[in-house]
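# Examining the three-dimensional arrangement
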Amino acid sequence: MRVSQPYVWCWFLGLVTVSGLRADETDEELIDCEGEAATTQFCIDKEEAFELRARIELLYPPLEELSSPPWEEEDFLSAVTNFNKGVDLYRDEYFGDSLPKFKAALETFTELEETFQTTVEDKLASIDSLFENSSYEIAVTELSTLIEWFPEDLDLVKRHGEATQGQQLKPLVEELQEYVSTGNFQEVEELLPQFPDGYYEEDISQVRASLEVHRQETSFNSSMTAAYESIEAEEWFLAEQILNSALLIRPDSTVVKELLDDVTENKRLDQVDELVQKMADAMNTERWEDVLVNIEEVEKLDVNEEYDFAIVVEEVDELLALEAELIEYSDFDFSNLNDRKRQDIQLLLDKTDHLNEFDRTQPIRQSLEDTFTKYSTPVEVTIRSDNRTKLRINPGKEIGTFRSKMLEVLPGTYEIVGTRRGFKQVTQKLEIKPDSEPIEIKVECRARF
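The text that follows walks through the structure, step by step, so that each part is easy to find. The model shown is predicted, which means the values in this text are computed figures rather than measured ones. (Residues numbered from 1 in each chain as written. Predicted model: local features only at pLDDT ≥ 70, side-chain atom pairs only at ≥ 80, totals over all residues. Heavy atoms only, no water.)

## Details of the overall build of the protein
Definition in use: The secondary structure listing takes helices from DSSP runs of H or I that are at least 4 residues long and strands from runs of E that are at least 2 residues long, numbered from the N terminus. The quantity called the radius of gyration is restricted to C-alpha atoms. Its globule counterpart is 2.2 Å times the number of residues to the power 0.38. The rule is simple: take the accessible area with a 1.4 Å probe, protein chains only, and divide by the maximum for that residue type; under 20% is buried, over 50% is exposed, in between is partly exposed. Any two residues whose heavy atoms approach within 4.5 Å at even a single point are treated as in contact. Per-residue accessibility takes into account occlusion by the displayed protein chains alone, with areas from the Shrake-Rupley method and a 1.4 Å probe. Charged-residue counts in this description rest on Lys and Arg as positive and Asp and Glu as negative, His and the chain ends being excluded. Lysine's charge is taken at NZ, arginine's at CZ, aspartate's at CG and glutamate's at CD.
Each helix and strand in the protein was counted, giving 15 helices and seven strands. A globule of 449 residues ought to have a C-alpha radius of gyration of about 22 Å, yet the protein, at 62 Å, is considerably larger. Along the first, second and third principal axes, the C-alpha set of the protein runs to 190 × 65 × 30 Å. The buried share of the protein, reckoned over its 449 residues, is 36%. In the protein, 58% of the contacts between residues at least 6 apart in sequence involve partners at least 24 apart. Accessible surface, the protein: about 26,800 Å² in total, of which carbon and sulfur atoms supply 47%. Charge centroids of the protein, computed over 44 positive and 101 negative side chains, lie 30 Å from each other.

Here it is in structure tokens:
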């Protein structure tokens with residue numbers, strides 16, 4: 001809070017009584033200084049003495065009432081003495097002689113009043129700085145003096161209360177600092193939340209910083225203990241997480257970085273071993289797609305190129321490709337089997353013979369082989385005719401003229417066509433199913449044109 005100079009002047013003026021603003025009326029009546037007499041030295045001295053006395057009586061009472069004034073007492077007493085002597089001379093109408101006394105008194109009172117104003121301004125100006133520097137004891141003293149001078153200033157009273165609280169908090173600050181110096185951070189943890197904001201900010205900031213360092217140190221040590229335990233147990237993933245947390249606390253820790261490198265490498269090696277084992281298990285259980293996935297993951301981790309799975313990949317790709325070819329025939333209509341397709345299937349069966357050793361592909365191949373065998377096993381077909389009709393089987397070939405002929409025909413749908421000069425052509429459909437009994441059919445041209 002800052003008290004302005006007009007405020008100080010008003011304070012002084014407020015303490016001046018009406019009696020201080022007037023000169024003694026009886027003194028004025030001693031001589032009539034009107035008209036031509038007003039220009040006499042006597043009247044001039046009287047007028048000047050009157051004005052000086054009035055000015056002094058404005059300053060003197062307020063200064064006299066000040067407790068703990070900011071000046072030497074002898075200076076004030078000297079001014080009072082000069083003033084009283086001047087008053088005595090004034091009353092005795094020695095106006096010329098009273099002038100030096102009044103002037104000396106006025107000069108001293110004015111200096112004292114200015115000293116008071118300057119002192120008030122200096123004290124007010126120093127309060128904020130004292131608070132900022134946590135000099136609460138000095139602030140209490142300064143504010144106490146100001147309150148003596150301005151007892152009705154509520155802002156000064158408020159600041160005095162704040163300074164008093166700051167002064168009372170000093171032992172707690174010293175206690176916290178002592179706990180920090182002795183490493184008793186448990187007490188610091190308990191006391192620090194009780195400390196109000198806005199006091200001893202620099203000291204409390206240092207206490208908080210020390211507490212945070214202690215917390216980080218404790219956390220770091222705990223992390224390192226846990227990390228070593230995880231490394232001992234070969235729990236690489238957990239150790240890696242813990243070390244990364246420790247590195248956040250101490251980013252420049254060489255020990256943590258070296259440990260983290262070792263843990264990361266061990267974790268990589270474990271992952272590679274685990275994936276290789278998974279790949280082997282997948283191969284043994286004929287999960288060939290998983291084998292390829294595992295190999296891809298191993299190759300990402302195998303930074304040192306310790307493994308070469310090119311042959312395995314080639315073998316698995318071949319197995320999957322052959323399996324896919326077998327599966328393509330799952331929905332194939334064998335009743336439309338032709339020679340070319342028959343050759344393709346036979347070739348596929350030949351090159352997939354080794355797939356019978358796998359539980360995964362053996363049923364697929366066996367089903368294809370069984371179906372193919374059925375449709376590749378001929379059925380006896382006996383064709384009877386009149387020995388005049390020329391016969392042909394489609395698809396197939398000319399079979400000539402005869403009374404009876406036995407053929408071996410693969411399962412499928414056929415047409416037997418008979419022709420004879422002068423007779424209408426006959427066509428008879430023949431459907432042969434796999435594993436059917438021998439079939440007998442008669443075909444001859446009987447209708448003439």
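Once you've had a look at it, read on.
## Observations regarding the nonpolar core
In globular proteins that are soluble, nonpolar side chains generally tend to be buried together. As a reminder of what qualifies: Put simply, buried Ala, Val, Leu, Ile, Met, Phe, Trp, Tyr and Cys residues joined by side-chain atoms within 4.5 Å make one nonpolar core.
Grouped together as the largest cluster of nonpolar side chains are 53 residues, with contacts concentrated most on Phe109 and Phe195. Contributions of two or more residues to this core are made by α3 (41-65), α4 (73-91), α5 (95-132), α6 (136-149), α7 (154-182), α8 (185-191) and α9 (201-232). Ranked by residue count, the leading element in this core is α5, at 13 residues. Discounting chain neighbours no more than four positions away, the residues touching Phe109 are Ile56, Leu59, Tyr60, Leu63, Phe76, Ala79, Val80 and Phe83. By size, the runner-up hydrophobic cluster in this structure holds 26 residues, among which are Val276, Val291, Val298 and Tyr329.

## Brief notes about the pairing of strand β1 (residues 379-384)
On any regular strand, side chains alternate: one points to one face of the sheet, the next to the other face. Put simply, the rule is: Strand pairing is defined by DSSP finding a minimum of two bridges between the two strands.
In terms of strand pairing, β1 meets strand β4 (residues 404-409) through six bridges, oriented antiparallel. Residue pairing in the sheet places Val381 in a bridge with Leu407 of β4. Examined bridge by bridge, β1 and strand β7 (residues 439-442) share four bridges and lie parallel to one another. Paired with Thr382 across the bridge in β7 is Glu440.

## Points about the packing of α5 against α6
Note the following rule: Angles run from 0 to 180 degrees between N-to-C directions of axes, and those axes are lines fitted to C-alpha atoms, restricted for helices to the stretch in contact. Handedness of each helix crossing follows the sense of rotation of the near helix against the far helix: counterclockwise by less than a right angle gives left-handed, clockwise gives right-handed.
Running from N to C, α5 and α6 cross one another at 145°; their axes reach a closest spacing of 10 Å. Remark: the crossing between α5 and α6 carries left-handed chirality. Note on element contacts: α6 touches α5 through Tyr136, Ile138, Ala139, Glu142, Leu143, Thr145, Leu146 and Trp149, opposite Phe116, Thr119, Val120, Lys123, Leu124, Ile127, Leu130 and Phe131.

## Quick look at the sheet that holds strand β3 (residues 398-400)
Either a parallel or an antiparallel arrangement is found when strands of a sheet pair, and the pairing is made through backbone hydrogen bonds. A sheet is described by the order of its strands in space; here four strands give the open sequence β3-β2-β5-β6, paired in antiparallel fashion. Of all the strands in the sheet, the pair left with one neighbour each is β3 and β6 (423-432). Within the sheet, the average angular offset between the axes of one strand and its neighbour, ignoring direction, is 20°. Bridging between strand β2 (residues 390-394) and strand β5 (residues 412-420) involves five bridges; their strand directions are antiparallel. Note on β5: the bridge partner recorded for Leu391 is Gly418.

## Some words on the sheet that holds β7
Reading across the sheet, the three strands line up as β4-β1-β7 and stay open at both edges, with mixed pairing between neighbours. Looking along the sheet, the strands with just one partner apiece sit at the ends: β4 and β7. The sheet shows a mean angle of 25° between the axes of neighbouring strands, taken without regard to direction.

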